[in-house]
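Residue strings, one per chain:
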Amino acid sequence: MLNDITIGQYFPGNSLIHRLDARMKLTLTLLFIVLVFIPRNWIALGCAVLTLAVMVALSRLPVKLLWRSVKPILLIIAFTSVLQIFYVTGGDVLVQLGSVKITTQGLNNAAFIAVRIACLVMGSSLLTYTTTPTALTDAIEYLLAPLKVARVNAHEIAMMMTIALRFIPTLIEETGKIMSAQKARGADMESGGLIQRVKALVPIIIPLFVSSFRRAYDLAMAMECRCYQGGEGRTRMKKLRTALRDWIALLVYFSAITLIIILNVIFGSVLK
């Protein structure tokens, strides 16, 4: 299960999506979130799925990799879908057990929301998959630059966010090593009830916290030894530059959002 968590990982490549400006990719990710949440019918949602499919094809990332980003939240998707099935009462009744009804509208809502969440996760994952941590830091700092008027240190915020993303894979790997070590010592983490399984996590959580604090201390010492002083007077080896392809991608996203709004007006809403 831990091996399926790919949040924060970067996969090198030379695709069109990899070459997009990091600032534009951040903007497109925010627009994609809007694009996924505004569809109100299956045709509009299909337009959003098609947009995602085009971006995945242009990124040249394996579909299996994107599926791995969805697997860790399958339980959340299933739970959300079940709530829709049992709490939405519109449409024809398919199954009735006492006061509990499963209707066509409930199944429709469940499937619609499941597809929406899966698209949201896969589309957001493209950002970290195709953007280096350094470029992502510079992009976040650039977009947060207006906050400097309110004396908010945009560079430190961007640095903290990027370091947090960067260390997710490291902590996942560390967790796997600790679990393997505890199992080698005879720890049982898979049997028993819920309370026993929670107690079995204690020998994992404590070493993980100790390791995390040690890594944070080592990182702080390394930054101090290199005379790191924040963003003041800092120069960049690679400057972010927008190209024609970035503006074309932005135009495509705005066109897709406009098309989805039109489809919502024409075909109405299937959600109740």
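Scroll up for the structure.
For clarity, every value in this text was computed on a predicted model and none was experimentally measured.

Definitions and cut-offs
Residues numbered from 1 in each chain as written. Predicted model: local features only at pLDDT ≥ 70, side-chain atom pairs only at ≥ 80, totals over all residues. Heavy atoms only, no water. Helix = DSSP H or I, 4+ residues; strand = E, 2+ residues; numbered from the N terminus. Buried < 20%, exposed > 50% of the residue type's maximum accessible area, 1.4 Å probe, protein only. 1 Å grid on protein atoms, 1.4 Å probe; cavity = no way out; pocket = protein on both sides within 12 Å on 5 of 7 lines; lining within 4 Å. Points joined across faces, edges and corners; volume = space filled by probe spheres on them. Nonpolar A, V, L, I, M, F, W, Y, C, P; charged D, E, K, R; others polar. Pairing = 2+ DSSP bridges. Axes fitted to C-alpha atoms, helices over the stretch in contact; angles between N-to-C directions. Parallel < 35°, antiparallel > 145°, perpendicular 65-115°, else oblique. Left-handed = near helix turned anticlockwise from the far one by under 90°. Contact = heavy atoms within 4.5 Å. Phe/Tyr/Trp six-rings, centres within 6.5 Å; stacked < 30°, edge-to-face > 60°. Lys NZ or Arg CZ within 6 Å of the ring centre and 35° of its normal.

(A) Just the environment of Ala111, in detail. Structurally, Ala111 is set in helix H6 (residues 104-129). Since its relative accessible area comes to 35%, Ala111 is described here as partly exposed. Considered as a pair, Ala111 and Ile77 are 34 residues apart in the sequence and their alpha carbons are 9.8 Å apart.

(B) Region of the structure containing empty space enclosed by the protein. Enumeration according to the criterion identifies two cavities of 30 Å³ or more in this entry. Of the pockets and cavities examined, the largest cavity occupies roughly 120 Å³. What lines the largest cavity is a set of 13 residues, among which Thr29, Met55, Gly123, Leu126 and Tyr253 lie closest to the centre. At the level of secondary structure, the elements contributing two or more residues to the lining of the largest cavity comprise helix H2 (22-37), helix H3 (42-59) and H6. In terms of residues, the lining of the largest cavity owes the most to one element, H2, which gives four residues. Among the residues forming the lining of the largest cavity, the class breakdown is nine nonpolar, three polar and one charged.

(C) Quick peek at the pairing of strand E2 (residues 100-103). Looking at chain direction, strand E1 (residues 93-97) and E2 are connected through four bridges and run antiparallel. Each residue of the ladder has a partner; that of Leu97, found in E2, is Val100. Hairpin remark: E1 followed by E2, antiparallel, with two residues in the connecting loop; positive phi at Gly98, about 70°.

(D) Quick peek at the packing of H3 against H6. Following both chains from N to C, one finds H3 and H6 inclined at 25°, their axes separated by 11 Å at the closest point. Taken as axis vectors, H3 and H6 run roughly parallel relative to one another. At the point where H3 passes H6, the crossing takes the left-handed sense. Where H3 approaches H6, its residues Trp42, Leu45, Val49, Leu52, Met55, Val56 and Ser59 are matched on the opposing element by Asn108, Ala111, Phe112, Val115, Cys119, Met122, Gly123 and Leu126. Here the residues of the contact of H3 with H6 are counted per class, giving 12 nonpolar, three polar and no charged.

(E) Just the packing of aromatic side chains, in detail. Inspection of every chain in the model, using the stated rule, returns three aromatic pairs. Here Phe11 and Tyr129 contribute two aromatic rings whose centre-to-centre distance is 5.2 Å and whose plane-to-plane angle is 80°, an arrangement assigned as edge-to-face. With Phe11 in the segment before helix H1 (16-19) and Tyr129 in helix H6, this residue pair connects regions lying 118 residues apart in the sequence. For the pair Trp42 and Phe112, a centre-to-centre distance of 5.1 Å together with 75° between the ring planes defines the contact as edge-to-face. Pair noted here: Trp42 is in helix H3 and Phe112 is in helix H6, with a separation of 70 residues, a long-range link. The cationic tip of Arg23 hangs over the ring face of Tyr142; the distance from NZ or CZ to the ring centre is 4.4 Å.

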